[in-house]
Amino acid sequence: MTPGHARGGLWAVVPAAGRGMRFGGDTPKQYLEVAGEPLLAHTLRALLAHPALEAAMVVLADGDAHWPDWHDFHGKPVLTCIGGAQRADSVLAGLAALPDGVRADDFVLVHDAARPNLRKQDLDALLERGRADPVGAILAAPVRDTLKRAGDDGGIDATAPRERLWRALTPQLFRRLQLTRALEAARDAGIAPTDESMAMERQGHRALLVEGADDNLKVTTPADLAWFEYLLAQRREGKPD
Ligand SMILES: Nc1ccn([C@@H]2O[C@H](COP(=O)(O)OP(=O)(O)OP(=O)(O)O)[C@@H](O)[C@H]2O)c(=O)n1
Ligand SMILES: C[C@](O)(CO)[C@H](O)COP(=O)(O)O
C-alpha cells in the first residue's frame, strides 16, 4: 500500500534541493547541524508531528550526498524525488512524484526545508481556514517595518506604501492538480514563481492569507541560523519564544 494512501491523509512537499548560495559554505544549509540534527530534521518534525500530516515528499538536489536516507520520520513515511534548477521546478517535481492515492483535488502542503521553526498553532490555523477555502491558503506575516526602495547608489529612492503588504511564508496549501497546472503554466511562460501562490495568482486563483508567527523564519544566511538556534534553546529551556 502506498504510504499515506492507506489513511488518505495530507501530504507535504518539502523543497530541499537548494544549494544555499546566499548562506555560503560547502554544506547546503538544510543539512547544517542544529542541536545535534540536520536543519531538515527540525523542519520534517515540525510538519510530521502534526496529526493531520500523513507523509512527506522531500525534493532533493540531483546527486545530493547529504540526504540521511530517511524512509520515515516521526513514524510517518518520507519519500524523495529529484528537483530542478529553480524552487518552482522542485515543487513541480515533488507534486508529480506524489503517490496516485493523492487525488487531483486533494490539498497538498508545500513547505520550505529551510523553514525549521513552524509552530503547531500556525499549521492548525492554516489547515482549518485553508481547507475551508475553494482555492487554499498561505501562512504570511504582515509587514510591520517601513519599506524603502533603494537607488543604484545605495541611497533611498522612495518609501514604499506598506498598507496591506504581507510577507509570504510557508506552508502554502493548495489542491494538487490546480497547483500543478499553475506551476506548469508559469514554467511554460518562462516565469519562475518565488512561491506557489504567485503561480496560482497568475491563473486568477486567490488564496487566503493566514497570519503566522514572525519567527517562522527561512534560514537564508548565517544570521538566520543563529536566530533559529536561539529560538530552539529558549524553547528547550522552557522559556517563552
Ligand atoms: N532549485 C531549488 C531551489 C531552492 N529549493 C528549496 O526551496 C527552499 C527555499 O529556497 P532558498 O531559501 O532560496 O534556498 P536556496 O535556493 O538553497 O538558497 P540560495 O538562493 O541562497 O541558493 C529551500 O528549502 C531550498 O532547498 C529547491 O528545492 N530547489
Ligand atoms: C516560498 C518563500 O519562502 C515564501 O517567502 C520564498 O519565496 C522562497 O524564496 P527563496 O528565494 O526561494 O528562498
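Residues numbered from 1 in each chain as written. Chains lettered and ligands numbered in written order. Predicted model: local features only at pLDDT ≥ 70, side-chain atom pairs only at ≥ 80, totals over all residues. Heavy atoms only, no water.

**With respect to the packing of helix H2 (residues 87–97) against helix H4 (residues 176–188)**
Between two packed helices, the angle of one axis relative to the other and the distance separating the axes together describe the packing.
1) Next: For the pair H2 and H4, interaxial distance at closest approach is 10 Å and the crossing angle is 145°. Of the two elements, H2 crosses H4, and the hand of that crossing is left-handed. Along its contact with H2, which presents Ala88, Val91, Leu92, Leu95 and Ala96, the element H4 presents Arg176, Leu179, Thr180, Leu183, Glu184 and Arg187.
2) Next: Counted by class, the contact of H2 with H4 contains seven nonpolar, one polar and three charged residues. (Axes fitted to C-alpha atoms, helices over the stretch in contact; angles between N-to-C directions. Helix = DSSP H or I, 4+ residues; strand = E, 2+ residues; numbered from the N terminus. Left-handed = near helix turned anticlockwise from the far one by under 90°. Contact = heavy atoms within 4.5 Å. Nonpolar A, V, L, I, M, F, W, Y, C, P; charged D, E, K, R; others polar.)

**Focus: the UniProt feature "site: Transition state stabilizer" (unreviewed entry) in the chain**
1) Next: Sites flagged by UniProt as "site: Transition state stabilizer" (unreviewed entry) map to Arg22 and Lys29.
2) Next: Mapped onto the secondary structure, Arg22 falls in the loop between strand S1 (10–16) and strand S2 (33–34).
3) Next: Not counting residues within four places of it along the chain, the set of residues in contact with Arg22 comprises Lys218, Thr220 and Thr221.
4) Next: Within the secondary structure layout, Lys29 lies in the loop between S1 and S2.
5) Next: Owing to a relative accessible area of 12%, Lys29 belongs among the buried residues under this scheme.
6) Next: Aside from chain neighbours lying at most four places away, what touches Lys29 is Gly20, Phe23, Leu39, Ala114, Val219 and Thr220. (UniProt positions renumbered as here; feature names shortened; annotations may be inferred. Buried < 20%, exposed > 50% of the residue type's maximum accessible area, 1.4 Å probe, protein only.)

**So, the site of ligand 1**
1) Next: Lining the immediate environment of ligand 1, one finds 19 residues, of which Gly20, Met21, Arg22, Lys29 and Ser90 sit closest.
2) Next: Note that a nitrogen atom of ligand 1 is positioned 2.8 Å from one of the side-chain N or O atoms of Ser90.
3) Next: A distance of 3.4 Å separates an oxygen atom of ligand 1 from a polar side-chain atom of Lys218.
4) Next: Those elements that place two or more of their residues in the shell around ligand 1 are S1 and H2.
5) Next: When its residues are assigned to classes, the shell around ligand 1 shows seven nonpolar, six polar and six charged. (Near = heavy atom within 4 Å. Polar contact = N/O pair within 3.5 Å; in protein donor to acceptor, adjacent residues only side chain to side chain.)

**Describing the environment of Ala52**
1) Next: Relative to the elements of secondary structure, Ala52 occurs in the loop between helix H1 (39–48) and strand S4 (53–60).
2) Next: Here Ala52 falls in the buried class, since its relative accessible area comes to 17%.
3) Next: In sequence terms Ala52 and Trp11 are 41 residues apart; their C-alpha atoms lie 8.9 Å from each other.
4) Next: Ignoring any residue separated from it by four or fewer positions in sequence, one finds Ala52 in contact with Gly9, Leu10, Leu127 and Arg131.

**Regarding the site of ligand 2**
1) Next: Arg22, Arg87, Asp112, Arg115, Ala168, Thr170, Thr194, Asp195 and Lys218 make up every residue found near ligand 2.
2) Next: In this structure, an oxygen atom belonging to ligand 2 sits 3.0 Å away from a side-chain N or O atom of Arg22.
3) Next: For ligand 2, an oxygen atom lies 2.9 Å from a polar atom in the side chain of Arg115.
4) Next: Here ligand 2 has 350 Å² of accessible area as a free molecule, and 75% of this is covered by the chains.
5) Next: Classifying every residue of the shell around ligand 2 gives one nonpolar, two polar and six charged. (Areas by Shrake-Rupley, 256 points an atom, 1.4 Å probe, with all protein chains shown as cover.)

**Description of the UniProt feature "site: Positions MEP for the nucleophilic attack" (unreviewed entry) in the chain**
1) Next: In the UniProt entry, the feature "site: Positions MEP for the nucleophilic attack" (unreviewed entry) is given for Arg162 and Lys218.
2) Next: Mapping Arg162 onto the fold places it in the loop between strand S10 (156–160) and strand S11 (166–175).
3) Next: Leaving out residues up to four positions away in the same chain, Arg162 has contacts with Val143, Arg144, Asp145, Thr146 and Leu147.
4) Next: Mapping Lys218 onto the fold places it in the loop between strand S12 (208–211) and helix H6 (222–236).
5) Next: Residue class for Lys218 comes out partly exposed when judged on its relative accessible area of 28%.

**Observations regarding the packing of aromatic side chains**
1) Next: Counted according to the given criterion, the structure contains two aromatic pairs.
2) Next: Consider the rings of Trp70 and Phe73, whose centres lie 5.0 Å apart with planes at 70°: the pair is edge-to-face.
3) Next: By relative accessible area, which is 9% here, Phe73 ends up buried.
4) Next: Here the aromatic residues Trp67, Trp70 and Phe73 are joined through ring pairs into a cluster of three or more. (Phe/Tyr/Trp six-rings, centres within 6.5 Å; stacked < 30°, edge-to-face > 60°.)

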